[in-house]
Amino acid sequence: MRSLPGVLGTAAPVHVAPMAGGPSAPGLVVAAARAGHLAQIAAGYQTVDAMTSQVAAVRAAGVEAFGVNLFVPNPVPVQPEAYEAYRAELEHEAGRTLPPRHEDDDAWSDKVAALLDDPVPVVSFTFGLPDTSVVQAFRRRGVVTVQSVTDPVEAVAAAECGVDVLLVQGEAAGGHSAVLDPRVPVRAVPLVELVRSVVAATPLPVVAAGGIGGAEDVGEQLAAGASAVAVGTAVLRTDEAGTSSTHRAALADAAFDRTVLTRAFTGRPARALANAFTRAHPDAPLGYPALHHLTRPLRTDAAASGDPHRLHLWAGRAWRAASDGPVADALEALLA
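Quick notes on the rules
Residues numbered from 1 in each chain as written. Predicted model: local features only at pLDDT ≥ 70, side-chain atom pairs only at ≥ 80, totals over all residues. Heavy atoms only, no water. Helix = DSSP H or I, 4+ residues; strand = E, 2+ residues; numbered from the N terminus. Contact = heavy atoms within 4.5 Å. Buried < 20%, exposed > 50% of the residue type's maximum accessible area, 1.4 Å probe, protein only. Pairing = 2+ DSSP bridges. Salt bridge = Lys/Arg side-chain N within 4 Å of Asp/Glu carboxyl O. Phe/Tyr/Trp six-rings, centres within 6.5 Å; stacked < 30°, edge-to-face > 60°. Lys NZ or Arg CZ within 6 Å of the ring centre and 35° of its normal. Axes fitted to C-alpha atoms, helices over the stretch in contact; angles between N-to-C directions. Parallel < 35°, antiparallel > 145°, perpendicular 65-115°, else oblique. Left-handed = near helix turned anticlockwise from the far one by under 90°. Nonpolar A, V, L, I, M, F, W, Y, C, P; charged D, E, K, R; others polar. Core = buried A, V, L, I, M, F, W, Y, C linked by side-chain atoms within 4.5 Å.

A. Spatial organisation of the environment of A61. By the element assignment, A61 lies in the loop between α3 (48–60) and β3 (67–71). Sequence-distant contacts of A61, that is, excluding residues within four places in its chain, are made with V30 and R34.

Following this line, the structure appears as C-alpha cells:
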C-alpha cells in the first residue's frame, strides 16, 4: 500500500467524497474531520464567494484537515438543434419556459486564484485534467493535489500532469461519472479490478470510490492496493449532510428499486435512482453544462415541492446501505 501525502496520510482510510449541489455542507466536512476522516467542500456549481465562505466556516470550527473539489472545464458543447429539441420537449412537459442555451466554466480561473491566494490542505479535480502549471502552482503552496480518473489511461495522463494522488472512481459511483470524455460509454469494470489496473499503471497512491457500502468493501479495495476509499452515497442520509429532505426520503423508499446512468439532468453521465424523469428521457443529448442549466429550474421546483420523480436523485449502486444518524457513526461502521 502506497503512502498518502499530507493530511490524507494522517486521516482514517475512509474519506468522504465531495458531493456538489448541497450534500457536502460545511457541517458534514467538520463532523467528518472531528471523527478523524478527510472530507471536502464541493465547490462545483458554487460562486467563488460561496466557496470561500464555506472554507471560512470550516476553519472557524477549528478544522484544519480538509479539502476543496473543483470542476475542471471540460465542456461537451451540445449541438444547437439537439438543445432546442430537448428544451421544447421539457417545456411541453413542464408547461413553462426554460432557459436558452448557456455554457460556462464554473468560474474556474477565479476559484483557482482564490485557493492559490488562501491555500487549503487538499485540492481535488474532476471532469477534466488541469493544466500542469495549475498543479505546480498548488504544489508550490504546499497543497496536496488529487485527480479523479476512471481508467488506467486517464490515470497515466493525470500522473503526467503532476498530481499527487489519484481518486479512482468506478462505474457504481453515485452522481456524475468523472470520465474525462463523456462521449465514451462508462465501462462496467468491478472497482477492485480497476484499482489493481491503475496501481499497476502508475506509481501514485490511489483512493478508491464507487459502490462502497460496508466494511467488507473497504477491506477489498485496500487489499487491491488502494491506500484509502472515499464514500458519498453512504453518508447522504446522515444528520450533517446537506441532502434535501426529498432526496433523503427517496434513498429509504422501497419504491425506488434501481439506479441508472443518465444524461437527462445535466448532459453528462451520472448515476441516480431511476424515476419518472430518467425513464422519460433515456436518450437525452450530451451537453454539459448546457443541460445542467436547462433543467435546473425544473429540479429546483421539484425540490421545493417534494417531487422525487422530477429530481436528480444521485445514488451509487450501494445506496441501500446508506444510513441516518451521525456521520461519525456511518464512517466508523465502514472501519469495523
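B. The pairing of β3, seen in detail. Burial analysis of β3 places 5 of its 5 residues in the buried class, the great majority of the element. Neither face of β3 is exposed, since G67, N69 and F71 on one face and V68 and L70 on the opposite face are all buried. Taken together, the 3 bridges between strand β2 (residues 40–42) and β3 define a ladder with parallel strand orientation. Bridge assignment links A42 to a residue of β3, and that residue is N69.

C. Representation of the pattern of salt bridges in the model. For the structure on display, the rule yields 10 salt bridges. With a closest N to O distance of 2.9 Å, R271 and E171 form a salt bridge. Of the two residues, R271 is situated in strand β11 (residues 270–273) and E171 in the loop between β6 (165–169) and β7 (175–176); the sequence distance between them amounts to 100 residues. D324 is the partner of R237 in a salt bridge, and the nearest nitrogen-oxygen pair spans 3.7 Å. Placement of R237 in the loop between β9 (228–231) and α10 (245–251) and of D324 in the loop between α12 (290–305) and α13 (327–333) is noted, with a sequence separation of 87 residues between them. The structure contains a network of salt bridges with shared partners spanning E84, R87 and E91.

D. Looking closely at the packing of aromatic side chains. Under the counting rule described, the total for this entry stands at 7 aromatic pairs. Ring centres of F125 and F138 lie 6.2 Å apart, and the angle between their planes is 55°; on these two criteria the pair is classed as tilted. One end of the pair, F125, is in strand β4 (residues 122–126); the other, F138, is in helix α6 (residues 132–140), with 13 residues separating them in the sequence. For F125, a relative accessible area of 0% corresponds to the buried category. Residue F138 is classed as buried on the basis of its relative accessible area of 0%. Each member of the aromatic cluster is reached from another via a ring pair, and the members are Y45, F71, F127 and Y288. Directly above the aromatic system of F127 lies the positively charged group of R268, at a separation of 4.1 Å from the ring centroid.

E. Looking closely at the packing of α3 against helix α5 (residues 108–117). One way to put it is that α3 packs onto α5 with a least axis distance of 10 Å and a crossing angle of 30°. In terms of orientation, α3 lies roughly parallel with respect to α5. Our pair here, α3 against α5, has a crossing hand that is right-handed. When α3 is examined against α5, the residues V48, M51 and T52 are found in contact with a partner set consisting of D110, K111, A114 and L115. In terms of residue class, the contact of α3 with α5 is made up of 4 nonpolar, 1 polar and 2 charged.

F. Inspection of the sheet that holds β7 at higher detail. With respect to topology, 3 strands assemble into an open sheet ordered β7-β11-β10, the strand pairing being antiparallel. The open sheet has two edge strands, β7 and β10 (259–262), and neither has a second partner. As defined by bridge partners, β10 adjoins β11 across 4 bridges and the pair is classed as antiparallel. The residue bridging T262 from the neighbouring strand is A270, located in β11.

G. Highlighting the nonpolar core. Formed by 69 residues in total, the largest nonpolar core has its most connected members in V68, L70, F138, L166, V195 and L331. By residue number, the principal contributor to this core is helix α8 (residues 191–201), which donates 6 residues. Counting residues in hydrophobic clusters, the runner-up holds 16 residues, among them Y86, F265, A284 and L291.

H. Broad picture of the sheet that holds β9. Pairing within the open sheet is parallel, and its 8 strands lie in the order β1-β9-β8-β6-β5-β4-β3-β2. On the outer flanks of this sheet lie β1 (14–16) and β2, each paired with one strand and no other. Each adjacent strand pair in this sheet contributes to an overall mean axis angle of 25°, direction not counted. By the bridge criterion, 3 bridges tie β1 to β9 in an arrangement that is parallel. Looking at β9, one finds that V16 is bridged to V231. Here α5 sits on the sheet and contacts β3 and β4; the angle it forms with β3, its principal contact strand, is near 160°.

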